[in-house]
Amino acid sequence: MGFFTFKESPVQRDAESGRRRRHFFTKRIDKRISAYQQELVETHYREVDNMYRQIRGWRHDYRNHIQTMKAYAASGDLEAIRRYLDLLDEDLTTVDTVIKTGNPMTDAILNSKISLARSKEIKVIADAHIPVRLKSSELDLCCIIGNLFDNAIEASMELPADRRVIRVYMDMRSTQLYLSFTNFTAGKKLKKEGKLFRSTKGRDRGFGLVRIDAIVERLEGYISRNSEDGAFTTEILLPQV
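Bear in mind that the values here come from a model prediction, so they are computed numbers and not experimental data.

### Some words on the sheet that holds strand β7 (residues 231–239)
For sheets, the rule is that strands pair by backbone hydrogen bonds, running either parallel or antiparallel.
Part 1 of the reasoning: The strand order across the open sheet built from 5 strands is β1-β2-β3-β7-β6, with neighbouring strands paired in mixed fashion. The open sheet has two edge strands, β1 (123–128) and β6 (222–228), and neither has a second partner. Pairwise comparison of adjacent strand axes, ignoring direction, gives a mean angle of 10 degrees for this sheet.
Part 2 of the reasoning: As judged from the 9 bridges shared by strand β3 (residues 176–184) and β7, these two strands associate in the antiparallel manner. By the bridge assignment, Leu179 is partnered in β7 with Ile236.

Structure below.
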């Protein structure tokens, strides 16, 4: 009995070669996105840890502050007490928790980013309310918020200090978590390529947008981006059922 030798046609070889290239490219992109996510999470944890270190440091010094003011009071130096209280008030604003959403992890990320924005002379207008427990992963929400804030901060730094504003709104809409981030841009409308706006970060630095879209798609949510009149807005809906 003879044996038949199957010979691939040129079309089949090209198809197989294309499949392998796509598989290699997909794995390469997934690896880069995974590395980016890990770097992002580590950065967020460092920011949050730094914020809480500042808070613990202030609490540790609290007794010393009280003793100092008692000494001023004993000597009747009210002006010295006023000056000391002004200094304490200024110091406390650097670590004050400005947002309380109801969800501890979200509070930590939002407040660390707001603190970062303020250090760069960026005004943040935030209104956020989130349930203590979310159906979606807090890690996913951390990645979304972190990327949105980082992009908004970077765009704001191209503007003079008096025009640097970021608006954040988060709340439940029926059974969906709604997020809205708006920042102003340097008088230029971003160009859209397919579903994404073109990243200004360069060839290897646009994974934040890809990561956000991947999370929203996996959670069967909705995302909308709009660049109009010198402002860039991202709106996201995430199901919580």
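### Observations concerning helix α3 (residues 104–119)
Part 1 of the reasoning: For α3, spanning 16 residues, the distance from its first C-alpha to its last is 23 Å, which sits close to the expected 22 Å at 1.5 Å a residue.
Part 2 of the reasoning: When α3 is considered as a whole, its buried residues turn out to be Thr106, Asp107, Ala108, Ile109, Leu110, Asn111, Ser112, Lys113, Ile114 and Ala117.
Part 3 of the reasoning: Glu121 lies just past α3 and shows a positive phi near 60 degrees.

### Some details on the environment of Ile125
Part 1 of the reasoning: Along the polypeptide, Ile125 turns up in strand β1.
Part 2 of the reasoning: Judged by its relative accessible area of 37%, Ile125 falls in the partly exposed class.
Part 3 of the reasoning: The sequence separation of Ile125 and Thr182 amounts to 57 residues, and the corresponding C-alpha distance is 9.8 Å.
Part 4 of the reasoning: Discounting chain neighbours no more than four positions away, the residues touching Ile125 are Val165, Ile166, Arg167 and Val168.

### Considerations on the pattern of salt bridges
Part 1 of the reasoning: With the rule as written, the count across this model stands at 4 salt bridges.
Part 2 of the reasoning: We note a salt bridge from Arg82 to Glu79, for which the minimum N-O separation is 3.2 Å. Placement of the pair is Arg82 and Glu79 together in helix α2 (residues 78–93), with a separation of 3 residues, close to one helical turn.
Part 3 of the reasoning: Relative accessible area serves as the criterion here: at 42%, Glu79 is assigned to the partly exposed category.

Rules behind the numbers
Per chain, the residues get numbers from 1 upward, laid out in the order the sequence is written. Thresholds applied to this predicted model are a pLDDT of at least 70 for local features of residues and 80 or more for the giving and counting of side-chain atom pairs; totals over whole chains, interfaces and linings are not thresholded and use all residues. For side-chain calculations, the full set of non-hydrogen atoms in the structure is used, while hydrogens and water are omitted. Two strands form a pair only when DSSP identifies at least two bridges running between them. Secondary structure counts use DSSP, requiring at least four H or I residues in a row for a helix and at least two E residues in a row for a strand, with both numbered from the N terminus. For helices, the axis comes from a line fit to the C-alpha atoms of the stretch in contact; other axes are also lines fit to C-alpha atoms, and the angle between any two N-to-C directions lies between 0 and 180 degrees. Take the residue count of a helix, subtract one, and multiply by 1.5 Å to get its expected span. The rule is simple: take the accessible area with a 1.4 Å probe, protein chains only, and divide by the maximum for that residue type; under 20% is buried, over 50% is exposed, in between is partly exposed. Only heavy atoms enter the contact rule, under which two residues are in contact if any of them lie within 4.5 Å. When a carboxyl oxygen of Asp or Glu is within 4 Å of a side-chain nitrogen of Lys or Arg, the pair counts as a salt bridge.

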